Amino acid sequence: AQLVDDGMQRMQNVVQIGTETNLVTGLLTASALTNSPAILAMLEDRFTASARRAEKQLNGLPKGEKYNTLRERTAALLKLADFRKAGAADNETARLQNVFRAHEGLALILITLIDDLNFDAVMEGEQAVKRTGKLVKELVNNQLTDFRNALELKIQTHLISSLLSEGAVAKNATQIQP
């Protein structure tokens, strides 16, 4: 249960963050390539929704050093949003380069985290298999011991009842001698 509750949920959160940040990067790229106010408004709406989902997934991760870099890189990418066309083409080129750099750095963090989480899941799975195997072995050994004890008890009970039966039908004491 620990494996499923923690490790797999964290991995799913990180993958979802990757999905949302890929979408955000695409939306930021598209916004740098258009001047249409209608398209920019649509891109901004989708960006906002995706940014919220990414932040929600980030909030689902535990606090700690391991995820702080992911939080910082995601925040840096989200800060690059500018859906108001006020700059020249040079500004857009620079902004695109910043978006791609931020996305590349974030992708490296995500790859490392997913790799680490996958490794942790495999190791925890192996430990769970070892624990389960040991428990099954103990259970089988205990059941075998209990079965052997019950069988010995039944054999001894049968022997005693056979001896009592022979003693009950014996006509004289010489018939009961071993």
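Residues numbered from 1 in each chain as written. Predicted model: local features only at pLDDT ≥ 70, side-chain atom pairs only at ≥ 80, totals over all residues. Heavy atoms only, no water.

## Quick look at the nonpolar core
Judged by nonpolar contacts, the single largest core of 25 residues is most densely connected at Val14, Leu28, Phe47, Leu61, Leu70 and Leu77. Looking at this core, the elements with two or more residues in it are α1 (2-32), α2 (37-59), α3 (65-78) and α4 (89-169). No other element matches α4, which puts 8 residues into this core. Contact partners of Leu28, with chain neighbours within four places excluded, come to Phe47, Leu77, Leu80, Ala81, Phe83, Arg95 and Val99. (Core = buried A, V, L, I, M, F, W, Y, C linked by side-chain atoms within 4.5 Å. Buried < 20%, exposed > 50% of the residue type's maximum accessible area, 1.4 Å probe, protein only. Helix = DSSP H or I, 4+ residues; strand = E, 2+ residues; numbered from the N terminus. Contact = heavy atoms within 4.5 Å.)

## Here's the deal with the confidence of the model for the chain
Of the residues in the chain, 93% have a pLDDT of 70 or more, and the chain-wide mean is 85. Here α1 is the element of the chain with the lowest mean pLDDT, 85, and α2 is the one with the highest, 92. (pLDDT = per-residue confidence, 0-100.)

## Considering a nonpolar patch on the surface
Side chains of Phe119, Val122 and Met123 sit close together on the surface and give an oily, nonpolar patch of about 270 Å² of accessible area. For Val122, the position within the fold is in helix α4. Here Val122 falls in the partly exposed class, since its relative accessible area comes to 42%. (Patch = residues over 30% accessible without salt bridge, like charges linked within 9 Å, V, L, I, M, F, W, Y side chains within 5 Å. Areas by Shrake-Rupley, 256 points an atom, 1.4 Å probe, with all protein chains shown as cover. Salt bridge = Lys/Arg side-chain N within 4 Å of Asp/Glu carboxyl O.)

## Description of α2
Given 3.6 residues per helical turn, the α-helix brings residues three or four places apart onto the same face. Between its terminal C-alpha atoms α2 stretches 32 Å, which fits the 33 Å expected from 23 residues at 1.5 Å a residue. For α2, the full list of buried residues reads Leu40, Leu43, Phe47, Ser50, Ala51, Ala54 and Leu58. (Expected span 1.5 Å × (residues − 1).)

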